[in-house]
Amino acid sequence: MKKTLLLTLLFSINTFGQFIDGNTIPNYVLNDLNGNQVNLYSLLDQGKIVMLDFFFPACRPCWDSTIMHSVNDISSKYGELGSNQIKVYGINVWGEGDGTVAGNLAAPNINGVDASNQNFSRGDFEYFANYKFIPQGSDYGNLVNIIECPTYLLVGPDRKAYNVNYEEIEYDSENYFGITLTKIPNNVRIYIPEITTCTTSNTVNIFAQLRNTGINNITSARVKLMVNNTLLGTQNLTFTGVNNTDSTIGLNEFSFKNIVIDQPLGAYGKGPYKLVVDMINGVALSTPIEKVIKITKEDTTSSTSNLVVELQTDLYANETSWVIYNSNGDVVAQNQTLQNDTTTNQNIALQGNSCYTIRLKDISGDGIDPGYLKLKTSDNSILFDLTMGNYNYENFGYDKFHSFSTSALSINENVLNRQTYLYPNPASDKFYLTSTDKVNLEISDVFGKLLKTVKNIDKWNPIDISGLEYGIYFISIINDTESKTIKLLKN
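In this text, all values refer to a predicted model and were calculated from it rather than measured experimentally. (Residues numbered from 1 in each chain as written. Predicted model: local features only at pLDDT ≥ 70, side-chain atom pairs only at ≥ 80, totals over all residues. Heavy atoms only, no water.)

*Asks:* Where do I start with the sheet that holds strand β17 (residues 283-298) in this structure?
*Replies:* Within a beta sheet, neighbouring strands are joined by backbone hydrogen bonds and run either parallel or antiparallel to one another. Ordered in space as β11-β17-β16-β13-β14, the five strands form an open sheet in which the pairing is mixed. Taken across any chain shown, the strands that pair with only one partner, and hence form the sheet edges, are β11 (195-198) and β14 (230-238). Taking each pair of neighbouring strands and ignoring which way they run, the sheet shows an average axis angle of 30°. Where β11 meets β17, four bridges bridge the pair, whose relative direction is parallel. Counted as the bridge partner of C198 is E298 from β17. (Pairing = 2+ DSSP bridges. Helix = DSSP H or I, 4+ residues; strand = E, 2+ residues; numbered from the N terminus. Axes fitted to C-alpha atoms, helices over the stretch in contact; angles between N-to-C directions.)

Structural data, given as structure tokens:
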């Protein structure tokens, strides 16, 4: 969806005027979300430029600029992992002084949790941004006369501040402070949507992209999937063509599929799983670039596997698409050709007793407006509603995931899902099935890589796994109508 991003949403904090360009900004000593103390003057005395993003969690223009690239790119290009010339901080100016939201609710709202149930959060600001947030900054906002949000102040080493537009940050830094901002080679920003899976599932599919924020073209990168300090998988990515521009979401998407979640998730579902880029263009990075992954378990369940996807497009339907993944990360349904400003209903038939994830995408990064996506049962019961104007989903940005399970079983499904198991488990060199019917079998590793296929087997046929290394594998049992996946430990 194309639209002009409104950069101001009137938010009355006091009756005075906006901060006057060129004035000396007062100091602050405040804690960020992690409890780390931030002293503005101390940063300036180090010769840094400081960019202050004044926002509040209920502000839609603030949310729009956060989920798009904007300030994130500035932090990536010129922040600690870039040229280290700028420090960026988001300062929440809503939460204490006006009495509207208690100060202790500021952090949950910045993390996308509407703690007061009053529509005070547009989404998880902290997750989608790559800079630090100061949750209780309303008194400081009053002190510097912030009357509109978002407001961006650029502060130089001379402690003078100016209202700026993030799109002109390079010009403003040179013009106001005589500082030329420079990008470094081999630098990227990791983009990961909020990933979901079913509450009953112990696996997840992770999708991500790298965005080139360096000065040179990128032809290769090494990305690692980690949990805490344990390596789960590595991908050596290659890219073709000229991509030293930041005009698009990023380089080609990559994924880690069917990843076992066997560690407790962190606060708000963030970590301990993370992606780490430690090599670009064959050059090892002195400081690897990391991004934690937010995983949300959702409990939506459909009593039927026959569903309907209803989509209302905006005037830019070519930017919109949806897909449905099964638990292995395979696409099992996707949109047909879409027309501008049109409502379509597409019937889909899924398997029972399975976990699926629907993904709505907008390549421009600003959602669909006006428009919506609804996942419904055949009797029009709504399982999932992503509607502009439905406050929780005012703007989903580039991607919105929602996981759901199907519980309905057909007669054939009863046979496979209730009567087919494998034993022994754990197994050392072979295992058997309990199925009396002929089925096919696929063995995959924890990354979704197919290792072995065995066809037309029943309970009389041993399945040889003596050649596999010790570890966890996923056994997919398949008949003519559906499939069942079981986790096997090889010892």
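*Asks:* Please explain the packing of aromatic side chains as it appears in this structure.
*Replies:* The way to describe two aromatic rings as a pair is by their centre distance and the angle between their planes. Evaluated as defined, the whole model comprises 18 aromatic pairs. Judged by centre distance (5.4 Å) and plane angle (80°), the ring pair of Y127 and F128 falls under edge-to-face. Accessibility expressed as a relative area gives 2% for Y127, which makes it buried. In this structure an aromatic cluster arises from ring pairing among F55, W63, F125, Y127, F128, Y131 and F133. One Lys or Arg, R159, reaches over the ring of Y41 and ends 3.8 Å from the middle of that ring. (Phe/Tyr/Trp six-rings, centres within 6.5 Å; stacked < 30°, edge-to-face > 60°. Buried < 20%, exposed > 50% of the residue type's maximum accessible area, 1.4 Å probe, protein only. Lys NZ or Arg CZ within 6 Å of the ring centre and 35° of its normal.)

*Asks:* Could you clarify how one ought to interpret the side chain of Q312 in this entry?
*Replies:* Secondary-structure assignment places Q312 in strand β19 (residues 306-312). Here D341 takes part through its side chain, which lies 3.3 Å from a polar atom of the side chain of Q312. Leaving out residues up to four positions away in the same chain, Q312 has contacts with D341, T342, T343, I368, G371 and Y372. (Polar contact = N/O pair within 3.5 Å; in protein donor to acceptor, adjacent residues only side chain to side chain. Contact = heavy atoms within 4.5 Å.)

*Asks:* Can you walk me through the side chain of T196 in this structure?
*Replies:* The residue T196 is located in strand β11 in this model. Among the residues examined, T196 registers a relative accessible area of 6% and is labelled buried. There is a polar contact of 2.7 Å between the side chain of T196 and the side chain of S403. When neighbours within four sequence positions are excluded, T196 is seen to be in contact with V204, T296, E298, T357, F401, H402 and S403.

Interpretation note: all reported values are geometric properties and have no functional meaning in isolation.
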